[in-house]
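Examination of the molecular architecture
Here is what each chain is made of, one letter per residue.
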Amino acid sequence: GRDTVLHVDERRVAELVDATLARIRGRGDRMFALLMVIQWMGAIAVAGWYSPQAWSGVASSPHLHIYAATILGGILSGVPIWMAANFPGAAITRQTIAIAQITWSALLIHLCGGRIETHFHVFGSLAILGWYRDPRVLLTATLATAFDRAVRGYFWPESVFGAHAASMWRTLEHSGWVAFECVFLWASIRENLRDIQLSCQMQTKLEQTVERVEAQVAERTAELNVHAQRLEAAKS
């Protein structure tokens, strides 16, 4: 049996792949937890900078954007942070984070009055979500982005496009660019997952080779001990 072909233990490969992805996704959860705090603080700063006060006659009060950034932003950050702390690496955690991150993009775009520069936050968010190496996360983020553009573009175009009216074609154009990015992110994730699979297969082969060599050494050692005992018996 020493000359037989070494067959890879697929169960061990699957264990290593799962462990590798769990480590990567756990780090991703912690990274997004920190990002949620930064975005929350940034949204409050943006709201205070753009529209700190609302005036009605001689009365002054904090602008609605301040409340939106503070309260809604707190919810958008608090839920993912809680999920990351209690369910790190879980599929539901990264799906929650994906929806929260895209909603953060929508809130920041709204706070900035639909400034075109703020829309880059969506594309940056999609790229960062690619860290999870999970195509389902990108699918969720893409659908959430398309839903936001369709609903707000129809009912409140000023909050997303900075204009009082916007055609459906503009919504489709924005969603199309998001889908365009996701196609290449999906291809990159697939290649990365393939590399992880190959790396785990090589590690499994190395482990099996070491085990086989150790077994052969133990077998040869046992044979030498038996031979030595026979020699000692013959001398006596």
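Our structure is the block above this text.
Here is a short report on the structure shown in this document. Treat the numbers as computed from the prediction; the structure is a model and nothing was measured.

Some details on the nonpolar core
Ranked by internal contacts, the top residues of the largest apolar core, which has 29 residues, are Trp104, Leu111, Leu126 and Leu129. Elements with a contribution of two residues or more to this core: α1 (10–50), α2 (64–86), α3 (91–111), α4 (120–129), α5 (135–155) and α7 (168–235). Broken down by element, this core gets its largest block of residues, 9 residues, from α3. Ignoring sequence-local partners within four residues, the contact set of leucine 129 consists of Phe32, Ile97, Ala98, Val137, Leu138 and Ala141. By size, the runner-up hydrophobic cluster in this structure holds 7 residues, among which are Val13, Val17, Leu21 and Cys200.

Focus: a negative patch on the surface
On the surface, Asp9, Glu10, Glu211 and Glu214 cluster together into a negatively charged patch. Relative to the helices and strands, glutamate 211 is located in helix α7.

Side note on the packing of aromatic side chains
Counting across every chain of the model gives 5 aromatic pairs. Measuring from centroid to centroid gives 5.7 Å for tryptophan 82 and phenylalanine 87, while their planes differ by 70°, and the two rings are edge-to-face. The partly exposed category is assigned to phenylalanine 87, whose relative accessible area is 39%. Centroid distance tryptophan 177 to phenylalanine 180: 5.7 Å. Interplanar angle 85°. Geometry classified as edge-to-face. Here the residue tryptophan 177 and the residue phenylalanine 180 both occupy positions in helix α7, the gap between them amounting to 3 residues, near one helical turn. On the basis of relative accessible area, phenylalanine 180 is assigned to the partly exposed category, the value being 47%. The structure contains a cluster of three or more aromatic residues connected by ring pairs, namely Trp177, Phe180 and Phe184. Note that arginine 133 overlies the ring of tryptophan 131, its terminal NZ or CZ placed 5.6 Å from the centroid.

What about α4?
Among the residues of α4, those classed as buried are Val122, Ser125, Leu126 and Leu129. Along the axis of α4, the buried positions cluster into a sector of 100°, meaning they face one direction only. Where the residues of α4 are buried, they touch α1, α3, α5 and α7.

Some remarks on α3
The end-to-end C-alpha separation of α3 is 30 Å, in line with the 30 Å expected for 21 residues at 1.5 Å each. Most of α3 sits inside the fold, with 17 of its 21 residues counted as buried.

Focus on a nonpolar patch on the surface
On the surface, Phe147, Val151, Tyr154, Phe155, Trp156, Met168, Trp169 and Leu172 cluster together into a nonpolar patch covering about 1,000 Å² of accessible area. Top contributing element to the nonpolar patch by residue count: α5, with 4 residues. Mapping tyrosine 154 onto the fold places it in helix α5.

Structural notes on the pattern of salt bridges
In the structure shown here, the tally under the stated rule is 8 salt bridges. The partner of glutamate 117 in a salt bridge is arginine 115, and the shortest N-O contact between them spans 3.5 Å. Look at glutamate 117 and you get partly exposed, because its relative accessible area is 44%. The class for arginine 115 is partly exposed, based on a relative accessible area of 38%. Between arginine 152 and aspartate 148 there is a salt bridge, with the nearest N and O atoms lying 2.7 Å from each other. Of this pair, arginine 152 and aspartate 148 both sit in helix α5, 4 residues apart, which is roughly one turn of that helix.

Looking at the packing of α3 against α5
Orientation of α3 relative to α5, taken along the N-to-C sense of each, is 30°, at an axis distance of 9 Å. By the angle class used here, α3 and α5 are roughly parallel. Pair α3 / α5 crosses with right-handed handedness. Packed against α3, whose contacting residues are Arg94, Gln95, Ala98, Ile99, Ile102, Ala106, Ile109 and His110, the element α5 presents Arg136, Val137, Thr140, Ala141, Ala144, Thr145, Asp148, Arg149 and Arg152 at the interface. Per-class residue counts for the contact of α3 with α5 are 8 nonpolar, 4 polar and 5 charged.

Concerning the side chain of threonine 20
Within the element layout of this structure, threonine 20 appears in helix α1. Apart from residues no more than four positions distant in its own chain, threonine 20 is found in contact with Ile196 and Cys200.

What counts, and where the lines are drawn
- Residues numbered from 1 in each chain as written.
- Predicted model: local features only at pLDDT ≥ 70, side-chain atom pairs only at ≥ 80, totals over all residues.
- Heavy atoms only, no water.
- Core = buried A, V, L, I, M, F, W, Y, C linked by side-chain atoms within 4.5 Å.
- Buried < 20%, exposed > 50% of the residue type's maximum accessible area, 1.4 Å probe, protein only.
- Helix = DSSP H or I, 4+ residues; strand = E, 2+ residues; numbered from the N terminus.
- Contact = heavy atoms within 4.5 Å.
- Patch = residues over 30% accessible without salt bridge, like charges linked within 9 Å, V, L, I, M, F, W, Y side chains within 5 Å.
- Areas by Shrake-Rupley, 256 points an atom, 1.4 Å probe, with all protein chains shown as cover.
- Salt bridge = Lys/Arg side-chain N within 4 Å of Asp/Glu carboxyl O.
- Lys, Arg positive; Asp, Glu negative; His and termini not counted.
- Charge placed at Lys NZ, Arg CZ, Asp CG, Glu CD.
- Phe/Tyr/Trp six-rings, centres within 6.5 Å; stacked < 30°, edge-to-face > 60°.
- Lys NZ or Arg CZ within 6 Å of the ring centre and 35° of its normal.
- Arc of directions from axis to C-beta.
- Expected span 1.5 Å × (residues − 1).
- Axes fitted to C-alpha atoms, helices over the stretch in contact; angles between N-to-C directions.
- Parallel < 35°, antiparallel > 145°, perpendicular 65-115°, else oblique.
- Left-handed = near helix turned anticlockwise from the far one by under 90°.
- Nonpolar A, V, L, I, M, F, W, Y, C, P; charged D, E, K, R; others polar.

The values reported here are purely geometric and, on their own, carry no functional implication.
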